Structure formats: structure tokens, C-alpha cells
Amino acid sequence: MSVLSSRSRYAGNPIEEEDRVADRLAMQGKKIIKLNRGDPAVYFRTPEYIINAYKQALEAGNTHYVDHLGIPELREAVVDRYRRVYGLKTNAEKVVVTQGVSEALLMLNFAVINEGENAIIFKPYFPIYPPYLEIFGGKPIFERYDEANEWNVDTDGLERSLKRYGKSKRIKYLLVTNPNNPTGTVLSKSILEEIVGLANEHKLLLISDEVYDELVFGHAKFTSMCQLAKGMPYMILNGASKNFDATGFRVGFAMMPGEDKTSNMIMNKFRDFAQMRLCANSPGQYAMAAAMNNVSEHKKAIKSMLAEMEIRVKFATKLINESRYMHAVEPKGAFYIFPKVSFEKLRIRSDRKFVDELLREEDVQVTRGSGFGGDGHIRIVSLAPKEILETAIDRINRFCSRHAK
Ligand SMILES: Cc1ncc(COP(=O)(O)O)c(C=O)c1O
């Protein structure tokens, strides 16, 4: 009998899998350019007004356990934000504060997935979606974002699959990420309407991970699921990490505005699960409540951060598309680029080997596309200043030339 559970095999995250190698190289004196983790707070200081709110929470003694559902101030702030920005009418009862979107995803699968049940996930995906499902005995059904169509959701493919499955699969939910990590796709309203229509027709619970909802470039327009999915069960996931540039706070939330039986049953289980882990980071919650309520400071902070992010992402995409060895669809939001590598021109065969050897030979750490269900690609986090991005891409090109056929 193994000391480990069979489910423990799902533990791990491809985004960090090269970290120990990178640490070892750094200890040998190498300066590693780390473009693997999507952490804005490394490059953009968390806004001062949020840091001050955190400090005030500490000084006021808010270092103890708080309501397991989240402090009322934050749950109200979430409701106010969704009313202000998306016109949603809901109440704080429909919000559970979590330790980031990550924990909300865990709670979701805990609450709804039985052995052998399925969920629809679009490839390429945020890497923890499938294992969090599989830990509970679930199996992903993969639909796709289509690279040839600017990484948009292939809704025709989705419709065909849903017809084909009929009742033969027990599909518990359909999970959309908008804007998407790793492709930077911002889904148009009409595509979202098609997805909502299909979910309605096939009675699927809709989950919308909108953790990048304010990180949208230029003329792209973000539509929240709450603007379209009326009268059906759906859940929105969001939090402090990206829009508020506060990844380390570990504060997120799940919101399920529906008054229907399914929504109520799932929210009740979220509440029970929240009780088991006592509470999310308490000073972080006070800081987040202040951050969400301070609309004018937030506007200023996000405006300058987003403008700089867009410059960096566009700059890096241009350099990538000038390369003989990579091609990328220009992202419309978030801060990732997901180039296809021309492996046919290289002696290296897999993206896993590519990222491993790139790190050892050129001191640049990126993530293999296969970790996102996008074999043959790499993901480049484009948050670093332009000079660093330029150096990294030069080195990737040099690496490719050295390994060219
Ligand atoms: C799509 C997506 N969802 C969720 C998360 C995790 O967010 P959190 O820090 O709130 O756990 C990330 C982090 O990169 C992400 O890209």
C-alpha cells in the first residue's frame, strides 16, 4: 500500500515546475529572466491606497479570524462593484470570499463533482482547472479556443460536441475564462451569447473566471457573464490578484446571483466549505474592501498599470512576430503571449524540452504550452520592462538558431 493517495498524482503546476532548476542556476550566480509567473505585483507596486488600507487593518487589530464567508464590508463592496460596472442587481448573500480564485475553483469541484462526472474546459486553459476537477474524480471534456480564429472559442465545435454527447456524459459545468490566460482572448458579446445559449439549451452550469476583467486593451470590449446569463445558474469568479495588483493578499470571491434551486444549493455548499477552512486572509479582505470602494483611486491606478501592460504586451508580440521561429496572435487583454514555436525548423522536438534547455542555456524561464493544453507553444508573461522582454526574446531567438535543423 502506498503512503500516498492515488489523487496526489494530480498535484503540481507546470508554471512553477522549472523553479527549482532556476533557483539552482541563480545560486550558481546566473541572473535568470523569469517570465513564467503571471504576477503583476512583481513589476507594478500594489497601489499605495491599497497598501495603506492593509496597514490600517493591521493597526486596527484585524489580524484575527473573521466571518468564514468573508467580511460583510468586502461582500458588499463586491455587490456594489458589479452593480456599478455591470448593472447587476444582487446581494451579499450571493458572495463567498475565498483565498483567491484558486480556492473558489477547489470549492466548486468539491461541491459539485462526483466520480466519473465531467466538466467542459476550453483548451488552452489555466493549468489548475483539470487537476482540481480530477482530484474529485471528474474528467475534463476539452473544447477549444481556435488559434486560426484569433484564439476565439470554437462555438460550432462546442455545439457539435454537446449534440453528440446528448445524455451520454454527465456534464456538471462549462467553464469559460474571459479574458483568457494564456491566449489573452477577450470574448465578444456575440460569442458569449452563443455559449450562454448552448449552456441554457443543455442545462449546464456556467462558470466564468473573470479574474482579468479590467485588463482589456484598446478597442476590445469585455462583457461579463452576469450581463448575459439571466435566469439561469451561473457563477462568477474574480478577486484581488490581477485587477487590484495584489496577488499575495490571497483574496478572491465566488458569486452566484441566481435565485434558483441549483444556485442556492451550490452556494450553501460553498458556505459549508468556507466554514471548514475558517476564513480567508483577514487584513487582505479589509484592504480589498477599501480598494473596491475607492473608485477614483482605483481608476487612476488601473489606468496607468493597464497602459504600461498594453505597451509591453504589444512590444513583445511584435518582436515575437519578427522571429523566424515563433508566431503569436496579438492578445486583447491580460498580460500573456502564447506563441506557436516552429518546431519543424528545430532539432528540439517538444515544448517541454524547449523550455528546459532554454532555461539552462539562456537563463530565460518561460512555461511550456502543453501545461495549458496547448502543445507546441510557450507562454511568455509580458509584465517585465521592455528591455528585459527584448533581451529574453533575443535569447530565445539565439537559442532557436543554435538548435535549428
Ligand atoms: C485564469 C486564472 N484564474 C485564476 C487564477 C488564480 O487567481 P488567484 O490568485 O485569485 O488564485 C489565475 C492566476 O494566474 C488565472 O490566470
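The structure we're discussing is the one just above.
A brief look at the structure comes next. (Residues numbered from 1 in each chain as written. Predicted model: local features only at pLDDT ≥ 70, side-chain atom pairs only at ≥ 80, totals over all residues. Heavy atoms only, no water.)

Structurally, the α-helix is built with 3.6 residues per turn, so residues lying three or four positions apart point the same way. Between its first and last C-alpha atoms helix H8 (residues 189-201) spans 18 Å; for 13 residues at 1.5 Å apiece the expected length is 18 Å, and the two agree. Along H8, the residues that are buried comprise Ile-191, Leu-192, Ile-195, Val-196, Leu-198 and Ala-199. End-on view of H8: buried residues confined to an arc of 160°, all on one side of the axis. Contact partners of the buried residues in H8: strand S5 (152-153), helix H7 (155-165), strand S6 (171-177) and strand S7 (205-209). Count one or two residues on from H8 and you reach Lys-203, which has phi positive near 55°. (Helix = DSSP H or I, 4+ residues; strand = E, 2+ residues; numbered from the N terminus. Expected span 1.5 Å × (residues − 1). Buried < 20%, exposed > 50% of the residue type's maximum accessible area, 1.4 Å probe, protein only. Arc of directions from axis to C-beta. Contact = heavy atoms within 4.5 Å.)

On to the site of the ligand, then. Looking at the ligand, there are 14 residues lining it, with Val-101, Ser-102, Asp-209, Tyr-212 and Ser-241 nearest. At a separation of 2.7 Å, an oxygen atom of the ligand approaches a polar backbone atom of Val-101. At a separation of 2.7 Å, an oxygen atom of the ligand approaches a polar side-chain atom of Asn-181. Considered on its own, the ligand offers 400 Å² of accessible surface; in the complex 93% of this is hidden by protein. Looking at the shell around the ligand element by element, the count peaks at 3 residues for helix H5 (residues 100-112). Per-class residue counts for the shell around the ligand are 6 nonpolar, 5 polar and 3 charged. (Near = heavy atom within 4 Å. Polar contact = N/O pair within 3.5 Å; in protein donor to acceptor, adjacent residues only side chain to side chain. Areas by Shrake-Rupley, 256 points an atom, 1.4 Å probe, with all protein chains shown as cover. Nonpolar A, V, L, I, M, F, W, Y, C, P; charged D, E, K, R; others polar.)

Neither face of strand S9 (residues 252-255) is left uncovered, since the one carrying Gly-252 and Ala-254 and the one carrying Phe-253 and Met-255 both have all their residues buried. Examined bridge by bridge, strand S2 (residues 95-98) and S9 share 4 bridges and lie antiparallel to one another. By the bridge assignment, Val-96 is partnered in S9 with Ala-254. (Pairing = 2+ DSSP bridges.)

Across the 7 residues that make up S6, a large majority, 6, are buried. The pairing of strand S3 (residues 118-123) with S6 spans 4 bridges and is parallel. From the neighbouring strand, Asn-118 faces S6, where its bridge partner is Ile-171. Pairing of S6 with S7, which is carried by 5 bridges, proceeds in the parallel orientation.

To continue, consider the sheet that holds strand S15 (residues 378-381). Reading across the sheet, the 3 strands line up as S11-S15-S14 and stay open at both edges, with antiparallel pairing between neighbours. The sheet terminates laterally at strand S11 (336-337) and strand S14 (367-368), the two strands that pair on one side only.

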